[in-house]
Amino acid sequence: MKLTKTLLATTALAMTAGTAGADGHMAGEMTIVSWGGAYSASQLKAYHEPYMEKTGIKIINDESSSEAVAKLRAMSEAGNVTWDLVDVEAADAIRLCDEGLALEIDPATDLAAAPDGTSAADDFGDMLVSECFIPQIVFSTTFGYRTDQVPAGVEAPTGACDVFDLEKYPGKRALNKNPIANMEWALLCDGVAYEDVYDTLETDEGQARAFAKLDTIKADTLWWSASAEPIQWLADGEVFMASAYNGRLFSAIVEKEQPIGMAWNWQMFDLDGWVIPAGLADDRLARVKDYVMFATDTQRLADQAKYISYGPARASSAPLVSTHAELGIEMAPHMPTEPSNAENTFVNNYMWWADYRDDLDAKFQAWLAN
């Protein structure tokens, strides 16, 4: 895929001479952390390449976002923060902010207003879920399945609850190796009402019920930690059904033409965006803030949606989303927010997870080990 090849060649642009500071950073470079794959490729095309061309600053890509909280904690403890900007999910941004590991931002001065003059605070609105969080996208974790492995005479899977039906849909599954989404789906598909899921999950009994539901498919499940894994397992036919980020599935289905279908029912909506690590030297912080101002304006967020099926987090960006930059197809039908894809959606309670994540992470890993 051309975007992936471009990503592998990233940071070959705009190399500038610089002098290493006391922290080892070159004066003309930034290390930006993200998730890799099609998502980082979309950031490269929409943000990084235009910014490098505009400024001459070299952007170094690091694909460690899945370990962002643990690594930033370790960097802070060691007194050596080597990252300049980090892409995280909203719940992790709240945790990092609460722990003093992420810098608070002021939308009035750190983010660009909309083209019509609407303030950034009003344009991002409810997406500004933390004083430290700079929203980029609305995405979902949903399910893909092998269209050529659907049993004869059986309708194709439609959503999350089908992953628990081994009789109707035999074969291996793949789920993320952490509790978010898995615990909610387990309770929802065990009969807990949508509005009661988090209240139930706060109790020991509710957690036991979720794990009991997951026990029914545990022996048939592969657990992924890198977001490329479930897509590769689906492409190889190693699993019949897998949870994955909708943009990754879009890339596999539309760009790579894999025999994979989308099962949108009870997709898990979430937010993703930037945090600036606390404690950056003044020169590094100035570079990062200049990049953030550039990369989160109305046009840039709309531009990212030309390369991946994630909805931009600014209200003013949504009307500018049109066709895929290289395939020419309309992007709106592939967005998680498209009405036909969003009949039943589960909105991640990132505030809840900010409070309970560490505890449930420990319990989930213990359950996996048994």
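Structure shown above.
In this report, we go over the structure that sits alongside the text.

Here is what the cut-offs are and how they apply
Residues numbered from 1 in each chain as written. Predicted model: local features only at pLDDT ≥ 70, side-chain atom pairs only at ≥ 80, totals over all residues. Heavy atoms only, no water. Helix = DSSP H or I, 4+ residues; strand = E, 2+ residues; numbered from the N terminus. Buried < 20%, exposed > 50% of the residue type's maximum accessible area, 1.4 Å probe, protein only. Contact = heavy atoms within 4.5 Å. Axes fitted to C-alpha atoms, helices over the stretch in contact; angles between N-to-C directions. Parallel < 35°, antiparallel > 145°, perpendicular 65-115°, else oblique. Left-handed = near helix turned anticlockwise from the far one by under 90°. Nonpolar A, V, L, I, M, F, W, Y, C, P; charged D, E, K, R; others polar. Expected span 1.5 Å × (residues − 1). Pairing = 2+ DSSP bridges. Right-handed = clockwise from strand over helix to strand, strands pointing away.

### What about the side chain of Arg314?
Following the sequence through the fold, Arg314 ends up in the loop between β9 (311-312) and β10 (345-347). By relative accessible area, which is 1% here, Arg314 ends up buried. Among residues more than four places away in sequence, those in contact with Arg314 are Ala112, Ala113, Ala114, Ala120, Asp123, Phe124, Thr296, Asp297, Thr298 and Leu301.

### A word on the packing of helix α10 (residues 228-236) against helix α11 (residues 246-255)
The interhelical angle for the contact between α10 and α11, taken along N-to-C directions, is 30 degrees, at an axis separation of 10 Å. The angle between α10 and α11 falls in the class roughly parallel. The handedness of the crossing between α10 and α11 is right-handed. Counting all contacts with α10, which are made through Ala228, Ile231 and Leu234, the residues of α11 involved are Arg248, Leu249 and Ala252. Taken together, the residues of the contact of α10 with α11 break down into five nonpolar, no polar and one charged.

### Quick notes on helix α12 (residues 282-295)
Relative to the 20 Å expected for 14 residues at 1.5 Å per residue, α12 spans 20 Å between its end C-alpha atoms, a close match to the ideal helical length. For α12, the set of buried residues is Arg284, Leu285, Arg287, Val288, Tyr291, Val292, Phe294 and Ala295.

### Concerning the pairing of strand β1 (residues 29-33)
Burial of β1 is extensive: five of the five residues sit out of reach of the surface. Of the two faces of β1, the one carrying Glu29, Thr31 and Val33 and the one carrying Met30 and Ile32 are both buried. Bridging between β1 and strand β2 (residues 58-62) involves five bridges; their strand directions are parallel. Of the residues in β2, the one forming a bridge with Met30 is Ile59. Of the crossover connections in this fold, the one passing from β1 over helix α2 (residues 37-55) to the parallel β2 is right-handed.

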